[in-house]
Amino acid sequence: MFTTAIAGSLPKPAWLAETEKLWPQWSTQGPELQQAKADATLLWIKAQEDAGLDVIGDGEQARQHFVHGFVEQVEGIDFENKVTMGIRNNRYDAQVPQVVAPLRLKGRVHAFEAQLARAHTKKKLKFTLPGPMTIVDTVADRFYGDKVKMAMAFAELLNQEALALQADGVDIIQFDEPAFNVYMDEAADWGVKALEVAARGLTCTTAVHICYGYGIEANNKWKETLGHEWRQYEKVFPALAKSSIQQVSLECMHSHVPMEMMKLLEGKDVMVGVIDVANPAIETPEEIADTIGRALQFVPKNRLIACTNCGLAPMSRAVAEAKLKALAEGAKLASQRYA
C-alpha cells in the first residue's frame, strides 16, 4: 500500500570514489571512471530492487556532488578558479565555482546514467536534479548581480534537461531544494516560482525534496540551534501546495518537525522521511511503521510515500544497504497495520 523510495544519493563504492565523504575524489579517471560510474549505478539499482523498493534511482553515482554534477555541464561557469564561499546562510564554507558569463548548457547533462538506469529496471525510475535556488546558493555570482535573475537562468537550463530526462523514460523528476529550509521568505516568494520554471511542460511526476541536509557535522551542529520545534517548512509549504509540483519530501524520522506541518500540503503526495541519514543505527520495521502511523493523522493513505530523510551518500555502503531493507520492511509492516 505504501510506496517506498529514497531521496536520491547513495554511497559511492571505494573503487569509484572516496567513501563516506560529501565531496569525494574519484578513484580513477578517463574511460575507467566512466565504466566505474556505470558499474556503481547498476550495483545500486540491484540493491534497491533486492531491498524491495518501489521507486528506483541511480543513486547519483555519476556525480561528485548533487549540485556540481549538474553545473559542470553549464557554459559560463569557471571551475578553474574556485573561491571559498559560505553556503546555506554561512552554515559551512565550500569551494565553489564562479558564474562569469551567460549560462548555457553544453549539451545533455545526465543522459548516460538516466538511460543506463532506464534500461536496467522495470520499476518506476526517479531522477534528481538540484533546484534553482539551491544552485544559486552553491555558486559564486560574478556576472548576473541579481540572484533571482540567476536562479531563473538556471531554472531554464534545468527545464531543458528535465524535458530530456522525461524523453529518456524517467517517471519522476525530483528537484532538491535544501535552500528552501534556510531562506524561507525568499523560498516562498521567488524560490517556488523558479521551481515552476524548472518543471514547466513536464508530464511525468514532479517532486521537490526539502531537507535539513546530509548527516555531516556542520548540519548536525546547525540542527542543534533550531530549538525543540523545527518550523522551517511552515512558510514554503503553502506556496508549494498552490504550485504544480506533485510530490513534496520532508524529514520526519528523529527530526523536530511538527507532524501537523503535513496538513499544509493538502492535495500533494507527501514523501515522509522515515530513515534517519544522520545516524548509522538501523531503524527497525516497527519504528518505521510507527512513524508512518503518526503521519497518517495528517496525510491520506493514498498520498503517503515512505522515504529517506535525505541522501545516504556520506554513510557506509553496509549501513545504507541495511537502511534500504529496513525502509521496505517498515513500509510493508505499516501496510499490514493500516490497511
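Notes on the structure follow. None of these values were measured; they are calculated from a predicted model.

1. Thoughts on the pairing of strand β10 (residues 269-275)
Reasoning step 1: A large share of β10 lies buried, amounting to seven of its seven residues.
Reasoning step 2: Pairing of strand β9 (residues 247-250) with β10, which is carried by four bridges, proceeds in the parallel orientation. Bridge pairing in β10 places Val-248 opposite Val-270.
Reasoning step 3: Summarising the sheet, β10 and strand β11 (residues 304-308) pair through five bridges and their orientation is parallel.

2. Details of the pattern of salt bridges
Reasoning step 1: Under the definition given, this model contains 16 salt bridges.
Reasoning step 2: The salt bridge involving Arg-200 is made with Glu-156; its shortest N-O contact spans 2.7 Å. Of the two residues, Arg-200 sits in the loop between α6 (184-198) and β8 (205-209) while Glu-156 sits in helix α5 (residues 147-167), which places them 44 residues apart along the sequence.
Reasoning step 3: With relative accessibility at 42%, the residue Arg-200 sits in the partly exposed group.
Reasoning step 4: A salt bridge links Glu-321 to Arg-317; the nearest nitrogen and oxygen atoms lie 3.5 Å apart. Taken together, the residues span about one helical turn, with Glu-321 and Arg-317 both in helix α10 (residues 317-337) at a distance of four residues.
Reasoning step 5: Within this structure, Arg-108, Glu-161 and Asp-168 form a network of salt bridges that share partners.

3. Overview of the sheet that holds strand β3 (residues 74-87)
Reasoning step 1: Read across the sheet, three strands follow the order β3-β4-β6 without closing on themselves; strand pairing throughout is mixed. The outermost strands of the open sheet, each flanked by one partner alone, are β3 and β6 (140-141).
Reasoning step 2: In terms of strand pairing, β3 meets strand β4 (residues 92-105) through nine bridges, oriented antiparallel. Along β4, the bridge assignment pairs Ile-77 with Val-99.
Reasoning step 3: Sheet strands in contact with α5 are β3, β4 and β6, and its direction is about 75° off that of β4.

4. So, unusual backbone geometry
Reasoning step 1: For Glu-60, which is not a glycine, the phi torsion comes out positive at approximately 55°.
Reasoning step 2: Within the fold, Glu-60 resides in the loop between β2 (55-56) and α2 (68-71).
Reasoning step 3: One non-glycine residue, His-254, adopts positive backbone phi at about 60°.
Reasoning step 4: Inspection of the secondary structure assignment puts His-254 in the loop between β9 and β10.
Reasoning step 5: A relative accessible area of 47% means that His-254 is categorised as partly exposed.

5. Digging into the sheet that holds β11
Reasoning step 1: If you trace the eight strands from one edge of the open sheet to the other, you get β1-β11-β10-β9-β8-β7-β5-β2, paired in parallel fashion. Two strands close off the open sheet at either side, each with one partner strand: β1 (3-4) and β2.
Reasoning step 2: Judged from the three bridges that link them, β8 and β9 form a sheet pairing that is parallel. Bridge pairing links Ala-207 to Gln-247 in β9.

6. Concerning the packing of helix α9 (residues 285-295) against α10
Reasoning step 1: At their nearest, the axes of α9 and α10 sit 8 Å apart, and the two run at 55° to each other. Taken together, the axis directions place α9 and α10 in an arrangement best described as oblique. In terms of crossing hand, the pair formed by α9 and α10 is right-handed. Of the residues in α10, those in contact with Pro-285, Glu-286, Ile-288, Ala-289, Asp-290 and Ile-292 of α9 are Ala-326, Leu-327, Glu-329, Gly-330, Ala-331, Leu-333, Ala-334 and Arg-337.

7. Comments concerning the side chain of Asp-176
Reasoning step 1: Checked against the element boundaries, Asp-176 lands in strand β7 (residues 172-176).
Reasoning step 2: Here Gln-174 takes part through its side chain, which lies 2.8 Å from a polar atom of the side chain of Asp-176.

8. Re α6
Reasoning step 1: Of all the bends in α6, the greatest, near 45°, is centred on Trp-190.
Reasoning step 2: Along α6, the positions that sit buried rather than exposed are Ala-187, Trp-190, Gly-191, Val-192, Ala-194, Leu-195, Val-197 and Ala-198.
Reasoning step 3: Tucked inside the fold, the buried residues of α6 contact α4 (132-136), α5, β7, β8 and α8 (233-241).

9. What about the nonpolar core?
Reasoning step 1: Of all hydrophobic cores here, the largest spans 99 residues; its most connected members are Phe-70, Leu-103, Phe-154, Phe-237 and Leu-240.
Reasoning step 2: When residues in this core are grouped by element, the largest group, nine residues, is from α5.
Reasoning step 3: When near neighbours in sequence (up to four residues on either side) are disregarded, Leu-103 contacts Val-74, Glu-75, Gly-76, Ile-77, Tyr-144, Met-150, Ala-153, Phe-154 and Leu-157.
Reasoning step 4: Counting residues in each nonpolar core, the second largest holds eight residues, with Ala-7, Val-55, Ile-305 and Cys-307 among its members.

10. Considering the packing of aromatic side chains
Reasoning step 1: Per the stated rule, a full pass over the model turns up two aromatic pairs.
Reasoning step 2: Relative to Tyr-144, the ring of Phe-143 lies with its centre 5.0 Å away and its plane at 85°, an arrangement referred to as edge-to-face.
Reasoning step 3: Residue classification places Phe-143 among the partly exposed residues on the basis of a relative accessible area of 40%.
Reasoning step 4: Ring centres of Tyr-233 and Phe-237 lie 4.7 Å apart, and the angle between their planes is 15°; on these two criteria the pair is classed as stacked. One end of the pair, Tyr-233, and the other, Phe-237, are both in helix α8, four residues apart, so they sit about a helical turn from each other.
Reasoning step 5: Residue class for Tyr-233 comes out buried when judged on its relative accessible area of 0%.
Reasoning step 6: Lys-37 extends its terminal NZ or CZ atom over the ring of Trp-26, reaching a point 4.7 Å from the ring centre.
Reasoning step 7: For the cation-ring pair, Lys-147 lies above Tyr-183, with the distance from its terminal atom to the ring centre recorded as 5.6 Å.

Definitions and limits used
Residues numbered from 1 in each chain as written. Predicted model: local features only at pLDDT ≥ 70, side-chain atom pairs only at ≥ 80, totals over all residues. Heavy atoms only, no water. Buried < 20%, exposed > 50% of the residue type's maximum accessible area, 1.4 Å probe, protein only. Helix = DSSP H or I, 4+ residues; strand = E, 2+ residues; numbered from the N terminus. Pairing = 2+ DSSP bridges. Salt bridge = Lys/Arg side-chain N within 4 Å of Asp/Glu carboxyl O. Contact = heavy atoms within 4.5 Å. Axes fitted to C-alpha atoms, helices over the stretch in contact; angles between N-to-C directions. Parallel < 35°, antiparallel > 145°, perpendicular 65-115°, else oblique. Left-handed = near helix turned anticlockwise from the far one by under 90°. Polar contact = N/O pair within 3.5 Å; in protein donor to acceptor, adjacent residues only side chain to side chain. Bend = angle between axes of the 7 residues up to and from the residue. Core = buried A, V, L, I, M, F, W, Y, C linked by side-chain atoms within 4.5 Å. Phe/Tyr/Trp six-rings, centres within 6.5 Å; stacked < 30°, edge-to-face > 60°. Lys NZ or Arg CZ within 6 Å of the ring centre and 35° of its normal.

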